[in-house]
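Chain residues, written in single-letter form:
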Amino acid sequence: MAARPVREARPASVQELADTVRTATEEGLRVKTVGTGHSFTSIAATDGVLIRPDLLTGIRRIDRRELTVTVESGTPLKRLNAALAREGLSLTNMGDIMEQTVAGATSTGTHGTGRDSASIAAQIRELELVTADGRVLTCSEKENPEIFAAARIGLGALGVVSAITFAVEPIFLLTAREEPMSFDRVTAEFEALHAENEHFEFYWYPHTGNCSTKRNNRSAGPAAPPGRISGWIEDELLSNGLFQVVNSIGRAVPPVVPAIAKVSSRALSARTYTDIPYKVFTSPRRVRFLEMEYALPREAAVGALRELRAMVDRSPLRVSFPVEVRTAPADDIALSTASGRDTAYIAVHMYKGTPYRSYFTAAERIMTAHGGRPHWGKLHTRDAAYFADVYPRFGEFTALRDRLDPDRVFGNDYLRRVLGA
């Protein structure tokens, strides 16, 4: 996505950030903040002032009694994870990519997979928000609770997040068990696999009956990380290098995709390893793609996935990227994709440069029939009228937006579509 702002700003403190926002408002300019550009949508695009938070980084404080960490909003998750590990601490759950800034990840609802532990935003205990008039608000369950209820996943529509306080816990070990499993088995046993594991996810390879599964559970140890050579083979050579090659071939010669899929879906072998959380939850992702992800009521996920498979099988589509399935418990954040309901996520991908609209349109039709909620930072075609129907607290969020930003200083075309005028 391209944006042509009037100017860019790199504030180095919350006061500089507040001054930047206040000045833009006085000049009648709109304001957006962009992190690492991980989102697939134009959620951060602006024709006004573009704020880059790369100087707003680092840990402000660690409270070991309350088990919280307060971090500047522009801090990349990978730096936060490494810093916490050095302090003997960890987030409870996280997604599988850690390139995003903490504010970008939370504002768009980034999540991993978990039976009991929810998205990164659900781990927020307090946040600092700069509003359109340059005020700096502290928001928590005790202070500005109505803003806190919405701003944890605020889409950049309520203000600029300048700092976030996360709940953390003493660092622990996770044992990851990765193994192939048939599509029929994983869908038949989905509820049991979800119930038996703290973190369960799987990938289905279109044009095949094959899946790869991953189960992460806490471990008493000892740590047993993947061997340097075997880990490189699995994570770099096969999951990135070879995967890049087969996708490039599939893009150039689409008819060979089903045959390649049958081979590549069997390339990764079973393995078990134990390590600290961020080294288990996250994986290197170097192959470029486009993605659409929908959050469904968990009880609808298997039926929707079977519909997706049937649609691919009867269509001329050639899909070289696997479909990812994860879960999350219900949470209490107004625009969280898991707000008020136990959730399963189904994500479809296409290799960058490959025509994707037909596949995504057909998949979206299936997901919306089940009341699906699209990920805020990934491709979709839904609008405010749709969201008002699938989010019971949608009106609560838009009313708060009207109060905090009546002049739409933080607005753009994407927010106009998904939130209304």
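Cut-offs and rules
- Residues numbered from 1 in each chain as written.
- Predicted model: local features only at pLDDT ≥ 70, side-chain atom pairs only at ≥ 80, totals over all residues.
- Heavy atoms only, no water.
- Salt bridge = Lys/Arg side-chain N within 4 Å of Asp/Glu carboxyl O.
- Helix = DSSP H or I, 4+ residues; strand = E, 2+ residues; numbered from the N terminus.
- Buried < 20%, exposed > 50% of the residue type's maximum accessible area, 1.4 Å probe, protein only.
- Pairing = 2+ DSSP bridges.
- Axes fitted to C-alpha atoms, helices over the stretch in contact; angles between N-to-C directions.
- Contact = heavy atoms within 4.5 Å.
- Phe/Tyr/Trp six-rings, centres within 6.5 Å; stacked < 30°, edge-to-face > 60°.

Engineer: Sorry, what's going on with the pattern of salt bridges here?
Structural biologist: If charged atoms from side chains of opposite charge come close, those side chains can pair. According to the stated counting rule, one finds 34 salt bridges in the structure shown. One salt bridge in this structure joins Glu 27 and Arg 7, with 2.9 Å as the shortest N-O distance. One end of the pair, Glu 27, is in the loop between helix H1 (14–26) and strand S2 (31–33); the other, Arg 7, is in strand S1 (residues 7–9), and 20 residues separate them in sequence. Residue classification places Glu 27 among the partly exposed positions, given a relative accessible area of 44%. What you see here is one network of salt bridges that share partners, running through Glu 291, Glu 293, Glu 324, Arg 326 and Lys 378.

Engineer: Looking at this model, I keep getting lost on the environment of Ala 192. Mind explaining?
Structural biologist: Here Ala 192 is to be found in helix H6 (residues 190–196). In this structure the C-alpha to C-alpha distance between Ala 192 and Arg 382, which are 190 residues apart in sequence, comes to 32 Å.

Engineer: It is not clear to me how the sheet that holds S1 should be interpreted in this structure. Could you clarify?
Structural biologist: Across a sheet, strands are paired by hydrogen bonds formed along the backbone, either parallel or antiparallel in direction. Pairing is parallel across the open sheet formed by three strands, whose spatial order is S1-S3-S2. The open sheet has two edge strands with one neighbour each: S1 and S2. Each strand axis lies, on average, 25° off the axis of its neighbour in the sheet, ignoring direction. Two strands pair when backbone bridges link them, and S1 and strand S3 (residues 49–51) are joined in this way by three bridges, in the parallel orientation. Its bridge partner lying in S3, Ala 9 is registered against Ile 51. Relative to the sheet, H1 contacts S1, S2 and S3, its axis offset from that of S3 by approximately 165°.

Engineer: Where do I start with the packing of aromatic side chains in this structure?
Structural biologist: Aromatic ring pairs are reported here in terms of the distance separating the ring centres and the angle at which the planes meet. Going through the model one piece at a time under the given rule, you end up with 12 aromatic pairs. Taking the centre distance of 5.9 Å and the plane angle of 50° together, the rings of Tyr 359 and Phe 360 count as tilted. Since its relative accessible area comes to 1%, Tyr 359 is described here as buried. We classify Phe 360 as buried; its relative accessible area is 4%. Taken together, the ring pairs in this structure connect Trp 376, Tyr 386, Phe 387 and Tyr 391 into an aromatic cluster.

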